[in-house]
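Residues per chain are reported as follows:
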Amino acid sequence: MIQEIKSLKFPKSNIISINGIELGVFEAGKENIGNPIVLCHGFPEHAFSWRYQIPALAKAGYHVIVPNQRGYGNSSCPKEVTAYDITHLTDDLVALLDYYNYRDAVFVGHDWGANVVWNLALLHPERVNKILNLALPYQERGEKPWIQFMEEIFGEDFYFVHFNKKPGVADALLENHAENFLRNLFRKNVPLTPPEPGMLLMNLAKAEKPSGEPIMNDVDLSVFVSAFRNSGFNGAINWYRNLDRNWHVLAEIDPIIKQPTLMIYGNLDMIPKFERLQDFVPNLDVISLECGHHIQQELPQETNESILKWLAKFNG
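Values in this document were obtained by computation on a predicted structure and should not be read as measured data.

## Focus: the UniProt feature "domain: AB hydrolase-1" (unreviewed entry) in the chain
Residues given the UniProt feature "domain: AB hydrolase-1" (unreviewed entry) here are residues 35–296. Structurally, residues 35–296 is divided into 40% helix and 15% strand, and its ends, taken at the C-alpha atoms, are 22 Å apart.

Encoded structure:
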């Protein structure tokens with residue numbers, strides 16, 4: 001059982017049946033029905049990663065909807081790898097809007113959640129009102145499938161490639177070292193050093209002494225640990241195992257994002273900025289904050305101010 005989340009008076013989840021699965025969905029600002037904003041978490045995270053943004057957005061007048069996406073927390077974890085392709089992931093969000101009788105919504109994504117939001121805007125553009133994405137910029141669909149391209153550039157130990165080439169290996173190791181892995185991953189002020197030999201995330205799971213400083217206290221960390229002890233890591237990792245499948249799904253899709261978009265980077269993030277982002281996202285604003293990858297948890301106040309200031313431009 002997942003422990004009850006009490007930190008910051010985090011809302012309780014409702015189990016919602018949509019798109020052939022069940023999603024655990026957290027809500028705030030129900031009094032603001034008609035003004036939806038959907039927050040999409042990344043890997044290896046949880047709806048709880050938005051704990052600092054939910055009350056601020058509700059106070060600002062939004063109906064805040066925060067799902068644990070498939071494979072995470074108390075949501076369904078289908079066994080089939082293909083159940084986690086971009087078609088299923090974006091259809092979940094469309095079905096979530098349908099459940100609430102919303103034609104469209106503002107979507108906010110971080111990390112893998114940002115990837116889903118980018119692709120939601122491509123596959124279902126009429127359902128996306130505005131986009132705010134953190135950490136992960138738009139991923140250009142090149143001439144080669146993504147895993148093939150990454151293996152040629154980064155080698156077989158790169159975790160995207162490893163997840164695909166050696167299925168089940170990382171899943172089991174992360175599950176056996178869940179608390180240590182998550183404690184070592186959620187850090188800030190980590191020196192940017194060349195990676196050690198081997199797969200980065202597996203090294204993190206086994207490391208006895210992590211770098212940098214923790215971005216959350218033990219109580220908050222325990223929410224993530226409890227969630228992954230419940231779900232395991234297989235469903236979450238299966239998102240990576242569909243990258244080449246997604247590449248084929250997007251073959252005939254117009255690659256231009258037309259919605260107003262805010263991209264928030266962390267200047268200390270290992271993920272590089274995409275210098276040609278505006279070529280694919282012409283209606284774009286960009287903000288860079290002095291933090292690493294876990295932007296909304298490392299600098300919650302600055303993140304909230306950036307989000308709310310940008311959204312306010314459309315409410316005048």
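## Thoughts on the side chain of Gln 53
Along the chain, Gln 53 falls in helix H1 (residues 53–59). Among the residues examined, Gln 53 registers a relative accessible area of 1% and is labelled buried. A distance of 3.3 Å separates a polar side-chain atom of Gln 53 from the backbone oxygen of Gln 296. Setting aside anything within four residues of it in sequence, one finds Gln 53 in contact with Leu 39, Gln 296, Pro 300, Thr 303, Asn 304 and Ile 307.

## Concerning the sheet that holds strand S5 (residues 105–110)
Here we have 8 strands laid out as an open sheet, ordered S1-S2-S4-S3-S5-S6-S9-S10, and mixed in their pairing. On the outer flanks of this sheet lie strand S1 (13–18) and strand S10 (284–289), each paired with one strand and no other. Within this sheet the neighbouring strands show an average axis-to-axis angle of 25°, counted without direction.

## Comments concerning the pattern of salt bridges
This model, assessed by the stated rule, comprises 15 salt bridges. The salt bridge partner of Arg 276 is Glu 140, with a shortest N-O separation of 2.3 Å. Of this pair, Arg 276 sits in the loop between strand S9 (261–266) and helix H12 (277–280) while Glu 140 sits in the loop between strand S6 (128–134) and helix H4 (146–154), and the two are 136 residues apart along the sequence. For Glu 140, a relative accessible area of 33% puts it in the partly exposed group. Put simply, Arg 183 and Glu 179 hold a salt bridge, and the shortest N to O gap is 2.8 Å. Of this pair, Arg 183 and Glu 179 both sit in helix H7 (residues 178–185), 4 residues apart, which is roughly one turn of that helix. Using a relative accessible area of 28% as the deciding quantity, one classes Arg 183 as partly exposed.

## Topic: the packing of aromatic side chains
Applying the stated criterion to the full structure yields 26 aromatic pairs. A ring pair is formed by Tyr 72 and Phe 228, whose centres lie 5.9 Å apart and whose planes are at 75°; its orientation type is edge-to-face. Remark: Phe 228 occurs in helix H9 (residues 218–231) and Tyr 72 occurs in the loop between strand S4 (63–68) and helix H2 (86–99); sequence separation between them is 156 residues. Phe 228 shares its class with Tyr 72; the two are buried. Both rings, one in Phe 186 and one in Phe 224, keep their centres 5.0 Å apart while their planes meet at 45°; by these two values the pair is tilted. Note that Phe 186 is positioned in the loop between H7 and strand S7 (187–188) and Phe 224 in helix H9, a separation of 38 residues in sequence. Under the relative-accessibility criterion, Phe 224 is labelled buried at 0%. A cation over a ring is seen here: Lys 130 above Phe 314, with NZ or CZ 5.0 Å from the ring centre. Between the NZ or CZ atom of Arg 141 and the centre of the ring of Trp 247, over which it lies, the distance is 3.8 Å.

Conventions adopted
Residues numbered from 1 in each chain as written. Predicted model: local features only at pLDDT ≥ 70, side-chain atom pairs only at ≥ 80, totals over all residues. Heavy atoms only, no water. UniProt positions renumbered as here; feature names shortened; annotations may be inferred. Helix = DSSP H or I, 4+ residues; strand = E, 2+ residues; numbered from the N terminus. Buried < 20%, exposed > 50% of the residue type's maximum accessible area, 1.4 Å probe, protein only. Polar contact = N/O pair within 3.5 Å; in protein donor to acceptor, adjacent residues only side chain to side chain. Contact = heavy atoms within 4.5 Å. Pairing = 2+ DSSP bridges. Axes fitted to C-alpha atoms, helices over the stretch in contact; angles between N-to-C directions. Salt bridge = Lys/Arg side-chain N within 4 Å of Asp/Glu carboxyl O. Phe/Tyr/Trp six-rings, centres within 6.5 Å; stacked < 30°, edge-to-face > 60°. Lys NZ or Arg CZ within 6 Å of the ring centre and 35° of its normal.

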